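What follows is each chain in one-letter form.
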Amino acid sequence: MNLTTRAPDEEYKIVIVVRTDLKMSSGKIAVQVAHAAVNCAIMAEKKHFKEFNAWYSEGQKKIVLRVDSLEELYKIKAEADARTIDNCLIADAGRTEIIPGSITCIGLGPSTDSILNIITGDLSLL
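Model, not experiment: these values are computed from the prediction.

**Q** I'd love a proper account of the environment of Phe-49, names of residues and values included.
**A** Its place among the elements puts Phe-49 in helix α2 (residues 49-57). Taking relative accessible area as the criterion, Phe-49 reaches 47% and is therefore assigned partly exposed. Separated by 40 residues in the primary sequence, Phe-49 and Leu-89 have C-alpha atoms spaced 21 Å apart.

So this is what it looks like as structure tokens:
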């Protein structure tokens, strides 16, 4: 995660991007988003403690966005990987609404607004 520079007024955030083509219920989406947020936070606390603490102390900002396909989600992952932004894909266990192993969302960060907006700035809120 490229966190070496940040403007004084810039905050950290986690961005979660959810697939809408799976037609998940709002409850199912909430759980998948929670999985992504928790995974991102745990990863950051282990790998980037200073940045994790900044994100945590700033109120743990999280943004949830949408894409219409798995292909779009993989494109976001590729862009995040190319920029060395921590990310995690969430695969569902398949116990309720969708097929086991379905990739439901991706979590990115925490990182700065400007860094994450390069990848997700054109996406719509869920």
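Resuming the write-up.
**Q** Outline unusual backbone geometry, listing residues and values.
**A** Between Gly-109 and the following residue, Pro-110, the backbone shows a cis peptide bond with an omega angle of 10°. In this structure, Pro-110 sits in strand β4 (residues 103-112). Of note, Lys-23 is a non-glycine position whose phi angle comes to about 55°, a positive value. Mapped onto the elements, Lys-23 comes out in the loop between β1 (12-19) and α1 (26-47). A residue is classified by how much of its surface remains accessible, and Lys-23, at 70% relative accessible area, is exposed. We note that Gln-60 has phi near 55°; this positive angle belongs to a residue other than glycine. Within the secondary structure layout, Gln-60 lies in the loop between α2 and β2 (62-67). Gln-60 gets classed as partly exposed once you look at its relative accessible area, which sits at 26%.

**Q** Go over the pattern of salt bridges, please, and point to the residues and values.
**A** Counted under the stated rule, the structure contains seven salt bridges. Two residues, Asp-92 and Lys-28, come together in a salt bridge whose shortest N-O distance is 2.7 Å. Of this pair, Asp-92 sits in the loop between β3 (87-91) and β4 while Lys-28 sits in helix α1; the two residues are 64 residues apart in sequence, bridging distant segments of the chain. Across the salt bridge formed by Lys-77 and Asp-81, the nearest N and O atoms sit 3.3 Å from each other. Here Lys-77 and its partner Asp-81 are both found in helix α3 (residues 70-82), four residues apart, which amounts to about one turn of the helix. We classify Lys-77 as partly exposed; its relative accessible area is 22%.

Criteria and cut-off values
- Just so you know, the residues in each chain are numbered from 1, in the order the chain's sequence is written.
- Given that this is a predicted model, residues contribute local features only at a pLDDT of at least 70 and side-chain atom pairs are listed and counted only at 80 or more, while totals for whole chains, interfaces and linings are drawn from all residues.
- Calculated side-chain values reflect all of the structure's heavy atoms, with hydrogen atoms and water omitted.
- The way it works is that DSSP assigns letters per residue, a run of H or I at least four long becomes a helix, a run of E at least two long becomes a strand, and they are numbered from the N terminus.
- Think of it in three bands: with a 1.4 Å probe and only protein chains considered, a residue is buried below 20% of the maximum accessible area for its type, exposed above 50%, and partly exposed in between.
- Salt-bridge detection follows one rule: a side-chain nitrogen of Lys or Arg within 4 Å of a carboxyl oxygen of Asp or Glu.

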